[in-house]
Amino acid sequence: MKLTFQLLLILCGINMTAQTNITGKILDKNTNAPIEFAEVILKPSDSSVLKGGITNSEGKFNITVSPGNYELEVIYVGQPLYNENLVVQNEDIDIGIIKTDNSRALEEVLVVGRKKLIQQKIDRLIFNVGNSSKSSQGDAIEVLRITPGVRVKNSNLSMIGKGELQVMVDGRFIRLTGLDLINFLNTIPSENIARIEVINNPPAKYEASGNSGLINIILKNAQPDSWNAMMKGTYLQRTQPTWRATGIFNFQKDRFSLSSRFAYNHQFININNQVISDFPEERWLVNNPLNIETEGYVATADIGYQITDDWEIGGQYYYNGTLVGIDVDQFTEVSDRNSGEKIRTIRSRGNEPQYPRRHLLNLYNKVEIDSSGRNIVLNLDYFKDTNPYNEKNYEGVSIDLESEERKFFKSINQYSRDVTNNSATLDVEYPLEWVDLDFGGKVSNLKSDNDISFFNSGFKDEPVFDNQLENTEFDYRENINSLYISANRSFGENWSAQLGLRLEDTKVDASSEGSDINRNNAYTNLFPTFYLSYKATENSVFSLNYSRRIERPSFFDLNPNLYFQNPFQAYSGNPYLQPAYIDNLELSNVYKGLVTKVYFSYENNIFGEVPLPNINTNTTLYTVQNYIDRSRIGLSENYSFDPVDWWKSNLSLNLNYSRSSFDLESANNREGFNSFLSANNDFELNAEKTILGGVNYWYSLPGVDGIFKTKARSSFDVSLQFLLLNKNLNVTLRGSDLFRDALKQRTTNINGVRQELNSYFDTRQFWLILTYKFGNQDIKTRENKGGNQEERNRS
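Residues numbered from 1 in each chain as written. Predicted model: local features only at pLDDT ≥ 70, side-chain atom pairs only at ≥ 80, totals over all residues. Heavy atoms only, no water.

### Re the overall build of the protein
Secondary structure summary: the protein contains 5 helices and 45 strands in total. Looking at the protein residue by residue over its 795 residues, the buried ones come to 53%. The long-range fraction of contacts in the protein, counting pairs at least 24 apart against all pairs at least 6 apart in sequence, stands at 66%. About 35,300 Å² of surface is accessible on the protein, with carbon and sulfur atoms providing 53% of the total. (Helix = DSSP H or I, 4+ residues; strand = E, 2+ residues; numbered from the N terminus. Buried < 20%, exposed > 50% of the residue type's maximum accessible area, 1.4 Å probe, protein only. Contact = heavy atoms within 4.5 Å. Areas by Shrake-Rupley, 256 points an atom, 1.4 Å probe, with all protein chains shown as cover.)

See below:
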């Protein structure tokens, strides 16, 4: 951090600025003929030297200026034709077409400019939502369904070639996952979204943790002295019904802004898990249905205040409290592999109550150094994640079908956690005349305290009533300090390059009372990023990028907490897990509505859950290990087009070949293809565009995933949407996975035991959604970016 401030003091004395191109075209309003020799002048707000140019025979102009605030004026033969205030940052600006009549007043000038649907920048792909079929329909989830490189499958978001996905809104990380994240994105109307930035390989500014991509949802600019609100209710029918209600209020007055959100959710999910294990002499068929009920609240408040034109402060508070109840009714059949005769049954019933709570507090400070785009942003973050009551109780009976002998068992696991993280993040943007610089750093201190009590009876001749719990503790400490610098430069009109480097120093201390776990680990890593972009034609842009990433285990994976579902199945974390490292290389081309990517990744020391069967005892331990080295090469295509005016279509294809080697006994290396297809179609069913239909389908072919072979999966979805009351009332009917084809089926062979794992996550769903918006619909409040996103994700 001291080095960062020293660099800042040095750079503040350099009076050089980045250069930005301003282009456009002047046409006569009556004849559409280009106006040649018109003067185009840019007047800086600081009254310094004017910049300007003369239009050519096509009416075009091109002016190069430094970032800042300007007034653009068009003059022809001494007569003013047009003026406009411009805020010039680090990106080139295309004014578009200015149509004017030199005999008319200024207010009759019409500016016509339209951005491309898809644009390729040096380190990200830009999807301009305003030019898509979703610009005035639905919500952020509907927009993400047709965003190149992004997958929306049921209640999960992912990125092609990455799997995981992190979401930002206006540069602020969203701390939610799964259904909570989907529910949040459902509250962002599509007409409030200006563009979506798809960042496959995040630059050095972002934490190096996780092999995940980023999407940044940029909202439209706010109107001063305005407010809006939205109420949303959802009825969702799975096996059992779910209710959700959300209220949002946004307000902006003068220099003050407020954004608040309150959501209530009461849902039921039925998950069916089945595991078939073929031991040498016995086949074990385990059916493990889970009935999950959750009820909880989410509340957020985001406040911002513009102290001066150059100084903004703000803060955010977030709370999430959920009561979770899980009922388990596991039934196991054991049969003789030779005769097929059933020889034993095991019945295990249990419940898992828990009450996780999450508090987040962020304070931020943003200072504009000057009008050239130089600024400093400081984020202070506090994060607390507690689960004071997490219990797993199981008891049951095993019956020998030949002798009718009964054996009883019981297992109890009580677990509480307290995770606290404090962090400070400093980011500096400092454009110079020949290069644009970003640099900064982060300090993060985290502690996780876990109290564990457990009891496992094993098989007993009588029902078990006396429970003597054993107690232990697991304490985890982690400090991560990082610095980064990134430089971006353009070479002529067609080439640009960006080079970044992030240094992260990590110290880990893990210990467990009552055991021999005592782990101290320290490591320092450099994470380079590189981007190269070439604009071949007006409609074709090539991009090459490389990044190195680190994936740290979640705190749940590190926790050695051991619990049983029956005497033959146990689950445990692994405090000795090491981080994994990933190298990513990608070449892409954007040609109009077609996005083509060729990618390669190498993952070293990847960790994941592994079923470890024991052929001597017929037991299985599910634990987490570093056991995979994997390389993957792939091709993805995404095409957006309009077959006819009322039909918008988005097609996607992803094909990759992976090769994995395993550090597991008796586990063979695995290689093979994976492929994924999707088609999203939107239909405007009336001339007023107030009745909309949708038909979506995705199909995942058989493939490989680590130690598993996977079977084909698919989903067929339909929707019908009505926009009423001047499009303020949205009524949506939707059906997902109508044919129940999204069953997840995998097979593996470890220690000479073949296992088949089948899971169905209650994905056949029917929705009724009512959304009503009122107030000023153009509002957008300032939303800050927190600095401890990695720690929140891992918790």
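Next comes the rest of the account.
### What to know about the environment of I303
Position of I303 relative to the elements: it lies in strand β20 (residues 282-308). Judged by its relative accessible area of 39%, I303 falls in the partly exposed class. With 45 residues separating them in the primary sequence, I303 and L258 have C-alpha atoms 4.7 Å apart. In this structure I303 touches F256, S257, L258, I313, G314, G315 and Y364, once residues within four positions along its chain are discounted.

### Details of the side chain of E478
Relative to the helices and strands, E478 resides in strand β27 (residues 470-491). E478 sits in the buried class, given a relative accessible area of 2%. A distance of 2.8 Å separates the side chain of E478 from the side chain of Y476, its partner in a polar contact. (Polar contact = N/O pair within 3.5 Å; in protein donor to acceptor, adjacent residues only side chain to side chain.)

### Quick notes on the packing of aromatic side chains
Taken as a whole, this structure holds 24 aromatic pairs when the rule is applied. With centroids separated by 5.5 Å and ring planes inclined at 50 degrees, the aromatic side chains of F459 and F568 adopt a geometry described as tilted. A residue pair is termed long-range when its members are at least 10 positions apart, and F459 in the loop between β26 (436-456) and β27 and F568 in the loop between β31 (562-566) and β32 (569-572) qualify at 109 residues. F459 sits in the partly exposed class, given a relative accessible area of 34%. Accessibility expressed as a relative area gives 11% for F568, which makes it buried. (Phe/Tyr/Trp six-rings, centres within 6.5 Å; stacked < 30°, edge-to-face > 60°.)

### Digging into the pattern of salt bridges
Any two side chains of opposite charge can pair, on the condition that their charged atoms come close. As enumerated under the stated definition, the model contains 30 salt bridges in all. In this structure, D329 engages R349 in a salt bridge whose closest nitrogen and oxygen atoms are separated by 3.7 Å. Here R349 lies in strand β22 (residues 342-351) and D329 lies in strand β21 (residues 311-336), a separation of 20 residues in the sequence. The exposure class of D329 is partly exposed, given its relative accessible area of 28%. (Salt bridge = Lys/Arg side-chain N within 4 Å of Asp/Glu carboxyl O.)

### A few points about the environment of L219
With respect to the element layout, L219 can be found in strand β16 (residues 213-219). Look at L219 and you get buried, because its relative accessible area is 13%. For the pair formed by L219 and I196, sequence separation is 23 residues and the distance between their alpha carbons is 8.8 Å.

### Details of unusual backbone geometry
In the Ramachandran plot, N618 falls in the positive-phi region, its phi being about 60 degrees despite a non-glycine side chain. Inspection of the secondary structure puts N618 in the loop between β34 (594-614) and β35 (619-644). Phi at D737 is positive, roughly 50 degrees, even though this residue is not glycine. Assignment of secondary structure puts D737 in the loop between β42 (729-736) and β43 (744-750).

### Quick word on the sheet that holds strand β15 (residues 193-199)
In space, the 6 strands of this open sheet follow the order β9-β10-β15-β16-β13-β14, with mixed pairing throughout. A single partner strand is all that each edge strand has here, and the edge strands are β9 (118-120) and β14 (172-173). Relative to strand β10 (residues 125-128), β9 is paired through 3 bridges, and the arrangement is antiparallel. Within the sheet, the bridge partner assigned to Q119 lies in β10 and is I126. (Pairing = 2+ DSSP bridges.)

### Describing the confidence of the model for the protein
This prediction gives the protein a mean pLDDT of 85; 88% of its residues lie at or above 70. Scored below 50 in pLDDT, residues 1-17 makes 37 contacts in the model with residues more than four places away or belonging to other chains. Counting interchain partners and residues more than four positions distant, the pLDDT-below-50 stretch residues 777-785 has 52 contacts. (pLDDT = per-residue confidence, 0-100.)

### Quick notes on the side chain of E197
Along the chain, E197 turns up in strand β15. At a separation of 2.8 Å, a polar atom in the side chain of E197 contacts the side chain of R124. The residues contacting E197, other than those within four sequence positions of it, are R124, L125, I126, L214, I215, N216 and I218.

### Re the pairing of strand β24 (residues 375-400)
Both β22 and β24 contribute to a ladder of 8 bridges, which runs antiparallel. What sits directly across from S348, in β24, is G396. The pairing of strand β23 (residues 357-368) with β24 spans 12 bridges and is antiparallel. Bridge pairing links V367 to I376 in β24. In this structure, β24 lies alongside strand β25 (residues 406-431), joined through 23 bridges in antiparallel fashion. The residue of β25 that forms the bridge with E391 is Q414.

### Looking at the nonpolar core
L157, L185, I193, I196, I215 and I217 are the most contacted members of the largest nonpolar core, which has 30 residues in total. Only β10, α2 (140-145), β11 (150-153), β12 (156-159), β13 (165-169), α3 (178-185), β15 and β16 provide two or more residues apiece to this core. Every residue in contact with I215, bar those within four places of it in the chain, is listed here: L144, V150, M159, L165, Q166, V167, M168, I196, E197 and V198. Judged by nonpolar contacts, the second largest core, of 29 residues, contains A580, I582, I707 and I750. (Core = buried A, V, L, I, M, F, W, Y, C linked by side-chain atoms within 4.5 Å.)

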